[in-house]
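# Examination of the molecular architecture
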Amino acid sequence: MENLSRRRALTLGVALGLVGAAAPVPAWASAGTAGAGKLAGAGAAAGPGPEWIWDEAADPLMVRMIEGGHVPAINRAWEGWVNNNDPIPGGLPSDFAAYLTQVNRLPSWADQAKLQRAGDFNRRRDTYLFMLYGLGSGIMSTVIPREAKSVYWSAGGADMQDRAAKTFTFGYDLSQLGAFKPTGQFVVTANKTRVVHAAVRHLLPQSPHWKAVADESIPISAADILVTFHSLGTYVHQKLLEWRIPYPAADQEAFLHMWQVAIHLLGVPYEHIPKTWAEARAQSQQVLTPILTPSTEGIALAEDLLGLTAQIDLGVTRGFLNEFVRYVLSDQVGDWLGLRRDYAAAALVRTAWPAFILFREGLSPVMPGTFYMFDQFIRAIAMLFLNKGSSGTTTPITIPTGNRAG
Ligand code: HEM
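Residues numbered from 1 in each chain as written. Predicted model: local features only at pLDDT ≥ 70, side-chain atom pairs only at ≥ 80, totals over all residues. Heavy atoms only, no water.

An unreviewed UniProt entry lists the protein under the name Oxygenase MpaB family protein, from Streptomyces thermocarboxydus.

### So, the coordination of the iron atom of the ligand
For the iron atom of the ligand, the protein supplies a single donor, His197 (NE2), at a distance of 2.2 Å. Within the secondary structure, histidine 197 is located in helix H10 (residues 186-203). (Donors = N, O, S within 2.8 Å, 3.2 Å for Na, K, Ca; no water. Helix = DSSP H or I, 4+ residues; strand = E, 2+ residues; numbered from the N terminus.)

### Quick word on the packing of aromatic side chains
Per the stated rule, a full pass over the model turns up 28 aromatic pairs. Here tryptophan 353 and phenylalanine 356 contribute two aromatic rings whose centre-to-centre distance is 5.2 Å and whose plane-to-plane angle is 25°, an arrangement assigned as stacked. You can see tryptophan 353 and its partner phenylalanine 356 sitting in helix H18 (residues 343-360), three residues apart, about one turn around the helix. Aromatic rings pair up to connect Tyr128, Trp243, Phe320, Phe324, Tyr327, Trp353, Phe356, Phe359, Phe371, Tyr372, Phe374 and Phe377 into one cluster. (Phe/Tyr/Trp six-rings, centres within 6.5 Å; stacked < 30°, edge-to-face > 60°.)

### A short note on the side chain of glutamine 252
Assignment of secondary structure puts glutamine 252 in helix H13 (residues 249-265). Filtering out sequence-adjacent residues up to four positions away, glutamine 252 remains in contact with His237, Leu241, Tyr247 and Trp277. (Contact = heavy atoms within 4.5 Å.)

### Some details on the nonpolar core
In terms of nonpolar packing, the biggest core is built from 119 residues, with Phe96, Phe255, Trp353 and Phe377 touching the most fellow members. Broken down by element, this core gets its largest block of residues, ten residues, from H10. Shared between two domains, this core holds at least three residues of each, these being domain 1 (51-288) and domain 2 (296-390). Phenylalanine 255 has contacts with Ala118, Phe121, Asn122, Leu129, Tyr133, Gly233, Val236, His237, Tyr247 and Trp277, leaving out every residue within four places of it along the chain. (Core = buried A, V, L, I, M, F, W, Y, C linked by side-chain atoms within 4.5 Å. Buried < 20%, exposed > 50% of the residue type's maximum accessible area, 1.4 Å probe, protein only. Domains from an automatic or database assignment.)

### Notes on the site of the ligand
Within the structure, the ligand sits among 22 residues, and Ser154, Gly156, Arg163, His197 and Thr228 are positioned closest to it. Between an oxygen atom of the ligand and a side-chain N or O atom of arginine 163, the distance comes to 2.9 Å. Between the ligand and histidine 197, the relevant distance is 2.9 Å, taken from a nitrogen atom to a side-chain nitrogen or oxygen of the residue. Contributing elements (two or more residues each) for the shell around the ligand: helix H8 (145-153), helix H9 (160-175), H10 and helix H12 (222-242). Residue composition of the shell around the ligand, by class: eleven nonpolar, six polar and five charged. (Near = heavy atom within 4 Å. Polar contact = N/O pair within 3.5 Å; in protein donor to acceptor, adjacent residues only side chain to side chain. Nonpolar A, V, L, I, M, F, W, Y, C, P; charged D, E, K, R; others polar.)

### Description of the packing of helix H7 (residues 126-140) against H12
Running from N to C, H7 and H12 point in directions that differ by 130°, and their axes come no closer than 10 Å. By the angle between their axes, H7 is oblique relative to H12. Crossing handedness for the pair H7 and H12: right-handed. Mapping the contact onto sequence places Tyr128, Leu129, Leu132, Tyr133, Gly136, Ser137 and Met140 in H7 and Ser231, Leu232, Tyr235, Val236, Lys239 and Leu240 in H12. (Axes fitted to C-alpha atoms, helices over the stretch in contact; angles between N-to-C directions. Parallel < 35°, antiparallel > 145°, perpendicular 65-115°, else oblique. Left-handed = near helix turned anticlockwise from the far one by under 90°.)

### So, the environment of glycine 178
You can see glycine 178 is positioned in the loop between H9 and H10. Since its relative accessible area comes to 13%, glycine 178 is described here as buried. Residues within four places of glycine 178 in sequence aside, it is in contact with Gln116 and Gly184.

### Notes on H8
Residues lying three or four places apart along an α-helix face the same way, a consequence of the helix completing one turn every 3.6 residues. Most of H8 is tucked away, with nine of its nine residues classed as buried. Three or more residues of H8 are buried, namely Pro145, Arg146, Glu147, Ala148, Lys149, Ser150, Val151, Tyr152 and Trp153.

### Details of helix H6 (residues 112-124)
Under the 1.5 Å per step criterion, the end-to-end length of H6 is 18 Å for 13 residues, consistent within 8% with the ideal 18 Å. Listing the buried residues of H6 in full gives Leu115, Ala118, Gly119, Phe121 and Asn122. All buried residues of H6 project into a common sector of 160° when viewed along the axis, lining one side. Exposed positions of H6 whose direction lies more than 90 degrees from the buried face are Ala113 and Arg123. Looking at the buried residues of H6, the elements they touch are H7, H9, H12 and H13. Of the residues flanking the start of H6, the one acting as N-cap is aspartate 111, its side-chain oxygen 3.0 Å from the backbone nitrogen of alanine 113. (Expected span 1.5 Å × (residues − 1). Arc of directions from axis to C-beta.)

Given below as structure tokens:
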């Protein structure tokens, strides 16, 4: 059994491009498959592993805000709080305002030159990033059981269109040129998200539905956030390499740095953040690949997400969309999620997508006959992203006050 699941994890790891090079694996990762109940190994003498870290600063604060009934006022007060250099809004409870003042800044190790380069890279590579974050990472999140179960049973799970819009906001704000500058918006968006996660840690344990399916007592540990980072940053990084997109070392480093700062702003302590892509890849193989598995909640979320895209004209059929997801995430994941096969579309994706990349990158003079189809497909995905699911231009992230009813 042990061997079987190990082999399955390896095959899946290869398919996802996540089989790592030999690199040091953090103690918490090598202690077993990711999960609560695993004490970090000897290397963790310096402190608890990230599966035992939540958010010391934000969590107790959000218990007070929720219990004190302050959340609706906070949501109203911070609606217009958007740019990194906007003053902390008025009308907030004083301890909440003090907390924001404390955290709404970049860590001392943030490197503006690298962040600027990452923004430029994101702009140059937006086509592939849209596809990989949207259809790769987005659908992968539904086979990360803890994430799927918490997203499904939190308030946002009941309205996936709205939730997808908020998540797009995060990716959009992160990817902008100047995202981390005073005039950018990402530091604010990340801090709003951090507070939402803290609220969820207090709320979800009160949900009988979540408690019935969860294998943990408090959701969203630092280890869970690292797992999600691997499904986003590490996964996309590997796919770009696998697709042979021109990707110089300085861009790779900048892209990693951007993610390091992002997850730090979400509350992950610096010492637990991978320092190199090799380390990230090895960690991902340890903590992400082996835990991927379907769940009732995840299957429902994937259907919701893929159904969402059906509302706009992608210029392709649902069969094609299913096959693109299978192409970027493996047939194993496609089978888990019950994505109906379309063998003609599958053959098309597997031959035409690489040809499309070669042509776009100027590596082949031959324009594939399917160029316009892919082009339209990408534009439609990009529009979904850029319109933030139609919710306008301001950051719509709001703190929930309850859970999904049932
Ligand atoms: C909320 C991003 C990790 C579960 C959010 C929101 C964003 C976000 C932007 C606010 C928008 C919304 O309300 O939907 C991220 C990023 C992560 C991460 C970038 C890591 C890099 C996680 C993990 C879990 C999780 C590890 C659970 C295991 C949730 C839940 C909500 C949420 C349950 C609340 C949805 C609601 O309003 O009901 N996240 N997240 N997130 N996230 Fe995360």
